[in-house]
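Report on the structure
So the chains spell out like this:
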Amino acid sequence: MSFLGALFNSSSKLTPAQKTFWDENGYLVLKGFIKPALVKRFLRELDQLWDTRARKENPLVIDFWEGPLSGKRMFFKDAPEGYRKYINKLNDLHFESEACRNLCLEEHLTAALKTLLGGSPLAIGTLTFEKGSEQDNHFDTYYMPAPCAGEMVVSSIFLESVGHEVGPVRVFPKSHLIPPYRFSDGNIYVGGKENEMPDAKTYIQKEFAERGIQETVITGEIGDILIWHGQLYHGGTPIRNHTLTRRSLVTHYWDRKDVEPERVGTHREGAHYLIRDHQPVPSENA
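A few points about the sheet that holds strand β7 (residues 169-171)
The 3 strands are arranged β8-β7-β10 in an open sheet whose pairing can be described as antiparallel. On the outer flanks of this sheet lie β8 (216-217) and β10 (234-236), each paired with one strand and no other. Inspection of the sheet shows β7 paired to β10 by 3 bridges, in the antiparallel sense. Across the sheet, arginine 170 pairs through a bridge with glycine 235, a residue of β10.

As structure tokens, this is what we get:
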């Protein structure tokens, strides 16, 4: 087996080489980690959810990042016919879907996450994508910092093969080692201080230049998993062929010990999720 093959193998127990790579680079690619049958079961359920989304009691929330509704958040039940083709993000499907929980809290995945977190992984939210996000480069801690600094990891499960034409994720290895930018209130969370983002980007660009940090684009096959540190800079590359999909399931995890016991739901032993409401929908979109 080659070095990279050993580094990115599908054993649920991370090897010393994988742990070293993670510590140095802030991400891992776990090849063939999820059984295709689990993925296909989830995709069948996702198709059914789209077909039946108009049911009155549907609590799911969706964001559109493309098309006539770009920039809008709304209830999934109100998503117009034909809008699945646009870049969208279906939020927190794991609240309603056992197939989703079976993926984001899969036994071997949670074992790997436990090693990286140093504690029991708690899924705090899931994002289901149909296409590449084309999202600007960012740190996840800008928007959802963990209760304890450094105790967040993120997984992206490949629900189909991903090549360069579908807008794969780009990561910036070693960027997790950069001291976080502090906004005017001393926090690493943007929280209404978007006007300070140019200064934050200037800081990051200076650090990148001094450290020689370059992007790495992640492609792969169905069942692969990209895992990154909560403080790793990353984003979505441009979609070259908009007729193609890039279905993925992204999950953010905290350490269970950082959350009050009454807010912890259990999928199975060692696999937990945060109990909270669905994302709020602005009144003008509700």
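Topic: the nonpolar core
Formed by 59 residues in total, the largest nonpolar core has its most connected members in Tyr27, Leu103, Leu226 and Tyr253. Considering every element that reaches this core, the biggest residue donor is helix α3 (residues 36-51), with 7 residues. Setting aside residues up to four positions removed in sequence, tyrosine 27 forms contacts with Phe21, Trp22, Val171, Pro173, Thr216, Ile218, Leu226, Ile227, Trp228 and Leu232. The next biggest cluster of nonpolar side chains, apart from the first, holds 13 residues, and it includes Ile178, Tyr181, Val190 and Tyr233.

Some words on the environment of threonine 216
Its place among the elements puts threonine 216 in strand β8. On the accessibility criterion, threonine 216 (27% relative accessible area) is partly exposed. Linking threonine 216 and valine 171, residues 45 residues apart in sequence, is a C-alpha distance of 5.3 Å. The residues contacting threonine 216, other than those within four sequence positions of it, are Tyr27, Val169, Arg170, Val171 and Pro173.

What to know about the layout of surface pockets
Put simply, the largest pocket is a space of about 850 Å³. Contributing to the lining of the largest pocket are 37 residues, with Lys89, Leu127, Tyr143, Met144 and His252 lying nearest its centre. Where the lining of the largest pocket is concerned, the elements lending two or more residues are β2 (61-64), β3 (72-75), β4 (88-91), β5 (121-129), β10 and β11 (248-255). Counting residues per element, the lining of the largest pocket draws most heavily on β5, which supplies 5 residues. Its residues assigned to classes, the lining of the largest pocket shows 13 nonpolar, 14 polar and 10 charged.

Focus: the pattern of salt bridges
As enumerated under the stated definition, the model contains 20 salt bridges in all. One salt bridge in this structure joins aspartate 63 and arginine 73, with 2.7 Å as the shortest N-O distance. On the criterion of sequence distance, the pair formed by aspartate 63 in strand β2 and arginine 73 in strand β3 is long-range, its members being 10 residues apart. Between lysine 257 and aspartate 258 there is a salt bridge whose closest N-O contact spans 3.0 Å. Take lysine 257: its relative accessible area is 55%, and that puts it in the exposed class. Since its relative accessible area comes to 16%, aspartate 258 is described here as buried. Here the salt bridges share partners, and the residues they tie into one network are Asp47, Arg84, Glu130, Glu160 and Arg247.

Description of unusual backbone geometry
We note that glutamate 134 has phi near 55°; this positive angle belongs to a residue other than glycine. As for its placement among the helices and strands, glutamate 134 is situated in the loop between β5 and β6 (152-158). The residue lysine 174 is not glycine, and still its phi comes out positive at about 80°. With respect to the secondary-structure elements, lysine 174 resides in the loop between β7 and α6 (197-211). Residue classification places lysine 174 among the partly exposed residues on the basis of a relative accessible area of 38%.

Section: helix α2 (residues 16-25)
For α2, the set of buried residues is Gln18, Phe21, Trp22 and Asn25. Projected down its long axis, α2 shows its buried positions confined to an angular sector of 100°, all on one face. Trailing α2 by a residue or two, glycine 26 shows a phi angle of about 85°, which is positive.

So, the pairing of strand β9 (residues 225-229)
For β9, the buried fraction is high: 5 of the 5 residues fall into the buried class. Side chains of β9 alternate between two faces, with Ile225, Ile227 and His229 and Leu226 and Trp228 buried alike. Direction of pairing for strand β1 (residues 27-30) relative to β9: antiparallel, over a ladder of 4 bridges. In the sheet register, valine 29 faces β9, and the bridge partner there is leucine 226. Note that β6 and β9 share 5 bridges and pair antiparallel. When the sheet's bridge partners are listed, serine 156 is paired in β9 with leucine 226.

Cut-offs used in this document
- Residues numbered from 1 in each chain as written.
- Predicted model: local features only at pLDDT ≥ 70, side-chain atom pairs only at ≥ 80, totals over all residues.
- Heavy atoms only, no water.
- Pairing = 2+ DSSP bridges.
- Helix = DSSP H or I, 4+ residues; strand = E, 2+ residues; numbered from the N terminus.
- Core = buried A, V, L, I, M, F, W, Y, C linked by side-chain atoms within 4.5 Å.
- Buried < 20%, exposed > 50% of the residue type's maximum accessible area, 1.4 Å probe, protein only.
- Contact = heavy atoms within 4.5 Å.
- 1 Å grid on protein atoms, 1.4 Å probe; cavity = no way out; pocket = protein on both sides within 12 Å on 5 of 7 lines; lining within 4 Å.
- Points joined across faces, edges and corners; volume = space filled by probe spheres on them.
- Nonpolar A, V, L, I, M, F, W, Y, C, P; charged D, E, K, R; others polar.
- Salt bridge = Lys/Arg side-chain N within 4 Å of Asp/Glu carboxyl O.
- Arc of directions from axis to C-beta.

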